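# Geometric and topological summary
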Amino acid sequence: MPPSLPRPALDDLRARIARIGPVGQRATGVLPFGVPDIDRRFPEGGLPLSGLHEVAGGGPGTLHAAAAALFVAGVMARSAGHVIWCLTRPDLFAPALAQAGLDADRVIYVEAEREAALLTCFEDSLRHGGLGGVVAEVAKLSMVASRRLQLAAEASGTPGFALRRWRRHADATDFGHPTAALTRWRISALPSTPLEGAGIGRARWLVELIRQRNGGSADFIVEACDATGRLGLSSNMAGRPAVATPRDKQASA
Amino acid sequence: MGRDVRGRIIQAASRQALLAGLRPGMSLAHASAIFGQLTHYEFDPAEDAAALERLAQWALRRYSPIVMPDPPAGLVIDITGASHLHGGETDLVTDLRRRLLNSRIDAHVCVADTWGAAHAVARFSGQGVFCIPSGGTPEALGSLPTEALRLDPDLADGLRRVGLETIGDLMTTPRGPLELRFGPEPGRRLDQALGRRPDLITPIQAPERIEVDHHFSDPILTSDILLQEVERLSRSLCEALERRSLGALEIDLLTNAVGGEWNALRVGFSSPTRHPERFMRLLKDRLQNTDRGFGIERLHLSASRSTPLIAQQCETLTSSPQVPDIGPLLDVLEARTGKQRLYRIQAVESDCPERSVERVSPLEPPNRARWDPRWPRPARLLEPPDPIETIALLPDQPPVQFTWKGVRRRVLRADGPERIHGEWIRGQDDWMSVRDYFSVEDETGERYWLFREGDGVSLETGSHRWFLHGIFG
């Protein structure tokens, strides 16, 4: 869908559909990315807050979903309130989340033994309504499960993130199956912004918005979250010089 | 030291004295003749009973709602439904024994399916801590003497005279002739130990506890009515708590089924509360699975741990919007996953990455420590670090390529080294050790956090092997 000129007829129609939609009676705001090029891809101007979003890693990141986790942390950094992070494998390193802008005091981790227990915790947290957001690292997400989560998120106005993470590449085909999530994202690592000298520049991601309800898909090449969780539109896309500063890294002997 | 017709005799002796050959039942004169110097105290049954009662109250507060003193020197604790709060049965008994040892009580602890079996093994196996796996009672008891079954010493003596030395012998002997000669007692005790016959425990009550109790004239059979009644009790417990300005941190629900069997449910809260809804939310799921037997005759609900909770003014005209209360949610999550699996992570002052994080309870007040924002840290940390094969120049070059999980990756860009020294305060192993961390990026743009053990020059500082420690996002 082309990023649009104002179309009153279409907007009116959308509003009417939203009114007769199954449960979508609540208009509980959006969370803009703060990057106009991304935000204008959403009909409401940002990521809808009351809904389920699916995020997965791409390429080698399918299994560890490290970039995807930071992408979600960056989004959560701009929300307010506690964040519940449900996981089955406790290998998330908290300092990295803090570097993506998500303060450690806001995150409460829930470790579940099995996927089924994880999904129940996910749903319970979504229903609470007083949280900034809920993240769950899940492998399988069936239509039924995602529908329950979506309803819970809609009812409470809490954004839920299903961070898809599989144990084997073969299982990752599950990502193609339909779910009730509002949006579906894939985050893959790209070679970092080149620097003049040696060293690694600011991390860059290929952010693919694969699907969204009421909207089209899009790809962005962005620079990874900064210390406040904001993405930077990559210099390649905007044709500007690199903005990343070379990191002052020396042996702290 | 007690008295009988022979004068002063020994009632009980310390471990050292027993090892030296002193036996309960010896006369003091005899013992003094053998050992010379003896420290002895008068036997005071009333004080012993009182001390046991105090110990039982302590166990009641700490471990389980069903505790019974078993004189002269035993405690019966029914940990069914309460052991998960201490991380399982093994952890519970280890903790129990450690705490008792700290108060200089050398106790033998045994966990078993039945009171009878635990009684036998704790007293006669000679082991400090023993957990009989569920269903393993017959094997565990087989080789113990028949006295272990709580039988009268004379009766055990009689059994021994006809060749029935151990409980195993008793198990294989036909019941009829045994009963003819020795009466029903041996069979009854054996059945109790094996769980074929109920064994009644009369739990003690804590004097200062806030509790409500209800007897029913007709036993409750359906779960709907049970829930209703528990809810009614919850409400009266909350009223009782409110009268004293207290909030419950932990509540116990005891159900007494027809036939005398007690069942206990213990649930904990993340923050003090006196809302019946919060009680019910946790009790409801657990109550569905309670064994109701032939009906429940009596319900007993008590706040086993409580703390002052003073009513607060919730809103004023000028106050900022309220922070939503996440306590109820944490209760639910904790009941689903367990206390250790619900945590916040806070920073600890340490350069060593795996020591720089610490798990704390979610409601712990935030501390000031923060991680250094300058050094990039990976989103996933492998614990333990994965050994990798590399091609790298010593001492301070990043690898040119490395192989992880059978895949070779060519390093295009790298940052480092970031040198992290061992923390000598932690001990000998850390004294000299050094890790050199490198962030590297491969052709696909994936970034990894590698380190080399040692400074690349001297082998004293580490083995010079390479590890993959984390994956950047």
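This one's a predicted model, so the numbers in the text were calculated from it and none came from an experiment. (Residues numbered from 1 in each chain as written. Chains lettered and ligands numbered in written order. Predicted model: local features only at pLDDT ≥ 70, side-chain atom pairs only at ≥ 80, totals over all residues.)

### Some details on the overall build of chain B
- What chain B contains, in helices and strands, is 13 helices and 18 strands.
- Burial statistics for chain B: of 473 residues in total, 31% are counted as buried.
- Once local pairs closer than 6 in sequence are excluded, the contacts in chain B between residues at least 24 apart make up 54%. (Helix = DSSP H or I, 4+ residues; strand = E, 2+ residues; numbered from the N terminus. Buried ≥ 20, exposed ≤ 12 C-beta atoms within 10 Å, placed from the backbone. Contact = placed C-beta atoms within 7 Å.)

### Some thoughts on the overall build of chain A
- Helices and strands together make up the secondary structure of chain A, namely eight helices and 11 strands.
- When each of the 253 residues of chain A is scored for burial, the buried share is 45%.
- Expressed as a percentage of contacts within chain A between residues at least 6 apart in sequence, the contacts between residues at least 24 apart total 66%.

### Considering the environment of histidine 128 of chain A
- Here histidine 128 of chain A shows up in helix 6 (residues 115-128).
- According to the C-beta neighbour criterion, histidine 128 of chain A is buried, with 21 such atoms within 10 Å.
- Separated by 24 residues in the primary sequence, histidine 128 of chain A and alanine 152 of chain A have C-alpha atoms spaced 8.9 Å apart.
- Residues in contact with histidine 128 of chain A, not counting those within four places in the same chain, are Ser156 of chain A together with Ile326 and Leu329 of chain B.

### Some remarks on the interface of chain A and chain B
- Residue-level contacts link 47 residues of chain A with 46 residues of chain B.
- Only helix 3 (61-64), helix 4 (66-77), helix 5 (94-99), strand 5 (107-111), helix 6 and strand 8 (183-190) of chain A provide two or more residues apiece to the side of chain A that touches chain B.
- The residue makeup of the side of chain A that touches chain B, split by class, is 28 nonpolar, 13 polar and six charged. (Nonpolar A, V, L, I, M, F, W, Y, C, P; charged D, E, K, R; others polar.)

### Notes on the sheet that holds strand 10 (residues 218-223) of chain A
- With mixed pairing, the 11 strands of this open sheet are ordered in space as 11(A)-10(A)-9(A)-8(A)-3(A)-7(A)-6(A)-4(A)-5(A)-11(B)-12(B). At either end of the open sheet lies a strand with only one pairing partner, and these are strand 11 (232-233) of chain A together with strand 12 (357-360) of chain B.
- Of the strands in this sheet, strand 4 (83-87), strand 5, strand 6 (133-138) and strand 7 (160-164) of chain A are in contact with helix 6 of chain A, which crosses strand 6 of chain A at around 170°.
- Sheet strands in contact with helix 7 (residues 143-156) of chain A are strand 3 (52-57) and strand 7 of chain A, and its direction is about 125° off that of strand 3 of chain A. (Pairing = 2+ DSSP bridges. Axes fitted to C-alpha atoms, helices over the stretch in contact; angles between N-to-C directions.)

### Here we look at the confidence of the model for chain A
Residues and elements named next belong to chain A.
- Model confidence for chain A is summarised by a mean pLDDT of 84, while 86% of its residues fall at 70 or above.
- Within the model, the stretch residues 23-27 combines pLDDT values under 50 with seven contacts to residues more than four positions away or in other chains.
- Between residues 238-253, whose pLDDT stays under 50, and residues either more than four places distant or in other chains, the model counts 27 contacts. (pLDDT = per-residue confidence, 0-100.)

### Topic: the sheet that holds strand 10 (residues 296-308) of chain B
Residue and element names in this part refer to chain B.
- The antiparallel open sheet is built from four strands, whose spatial order is 7-10-8-9. In this open sheet, the two edge strands, each paired with only one partner strand, are strand 7 (210-220) and strand 9 (262-273). Adjacent strand axes in the sheet meet at a mean angle of 15° when their direction is disregarded.

### Examining the environment of alanine 100 of chain A
Residue and element names in this part refer to chain A.
- Among the secondary structure elements, alanine 100 is positioned in the loop between helix 5 and strand 5.
- Using a count of 25 C-beta atoms within 10 Å as the deciding quantity, one classes alanine 100 as buried.
- Taking the C-alpha atoms as reference points, alanine 100 and alanine 73, separated by 27 residues in sequence, lie 6.3 Å from one another.
- Not counting the four nearest positions on each side in its chain, alanine 100 is found in contact with Leu70, Ala73, Gly74, Ala77, Cys225 and Gly229.

### Things to note about the pairing of strand 4 of chain A
Residues and elements named next belong to chain A.
- Of all five residues making up strand 4, five are buried, and the element is well covered by its neighbours.
- Going residue by residue along strand 4, you find Val83, Trp85 and Leu87 tucked away on one face and Ile84 and Cys86 tucked away on the opposite face as well.
- Pairing analysis gives five bridges linking strand 4 to strand 5, with the strands arranged parallel. The partner of leucine 87 across the bridge, within strand 5, is glutamate 111.
- Assessed by its sense of winding, the connection that carries the chain from strand 4 through helix 5 to strand 5 is right-handed.
- As defined by bridge partners, strand 4 adjoins strand 6 across four bridges and the pair is classed as parallel. When the sheet's bridge partners are listed, isoleucine 84 is paired in strand 6 with valine 134. (Right-handed = clockwise from strand over helix to strand, strands pointing away.)

### Re unusual backbone geometry
- Note the cis peptide between glutamate 383 of chain B and proline 384 of chain B, where omega equals 0°.
- Take proline 384 of chain B: it is sitting in strand 13 (residues 380-392).
- Backbone geometry at asparagine 214 of chain A places phi at a positive 65°, although glycine is not the residue there.
- For asparagine 214 of chain A, the position within the fold is in the loop between strand 9 (204-212) and strand 10.
- You will see that lysine 405 of chain B, though not glycine, has its phi angle at about 55°, which is positive.

### Digging into the nonpolar core
- Counting residues in each nonpolar core, the largest one holds 95 residues, and the members touching the most others are Ala68, Ala69, Leu70, Val72, Cys86, Leu163 and Trp205 of chain A.
- With 11 residues, the top contributor of residues to this core is helix 4 of chain A.
- Excluding its chain neighbours within four sequence positions, the residues that come into contact with alanine 68 of chain A are Val55, Ala56, Gly57, Gly61, Leu163 and Ile187 of chain A.
- Judged by nonpolar contacts, the second largest core, of 56 residues, contains Leu60, Leu282, Ile296 and Ala303 of chain B. (Core = buried A, V, L, I, M, F, W, Y, C linked by C-beta atoms within 7 Å.)

### Let's talk about the packing of helix 9 (residues 175-182) of chain B against helix 10 (residues 185-194) of chain B
Residue and element names in this part refer to chain B.
- At a closest axis distance of 8 Å, the pairing of helix 9 and helix 10 adopts a crossing angle of 125°. On the basis of the axis angle, helix 9 is oblique to helix 10. In contact with Arg175, Leu178, Glu179 and Phe182 of helix 9, helix 10 contributes Glu185, Pro186 and Gly187.
- Tallied by class, residues from the contact of helix 9 with helix 10 come to three nonpolar, one polar and three charged. (Parallel < 35°, antiparallel > 145°, perpendicular 65-115°, else oblique.)

### Thoughts on the pairing of strand 9 of chain A
All names here are of chain A.
- In the sheet, strand 8 pairs with strand 9 via eight bridges, with the strands oriented antiparallel. Bridged to alanine 189 within strand 9 is tryptophan 205.
- In this sheet, strand 10 lies alongside strand 9 in antiparallel orientation, the contact comprising six bridges. Counted as the bridge partner of tryptophan 205 is valine 222 from strand 10.
- Between strand 9 and strand 10, which follow one another and run antiparallel, lie five residues, and asparagine 214 among them has a positive phi close to 65°.

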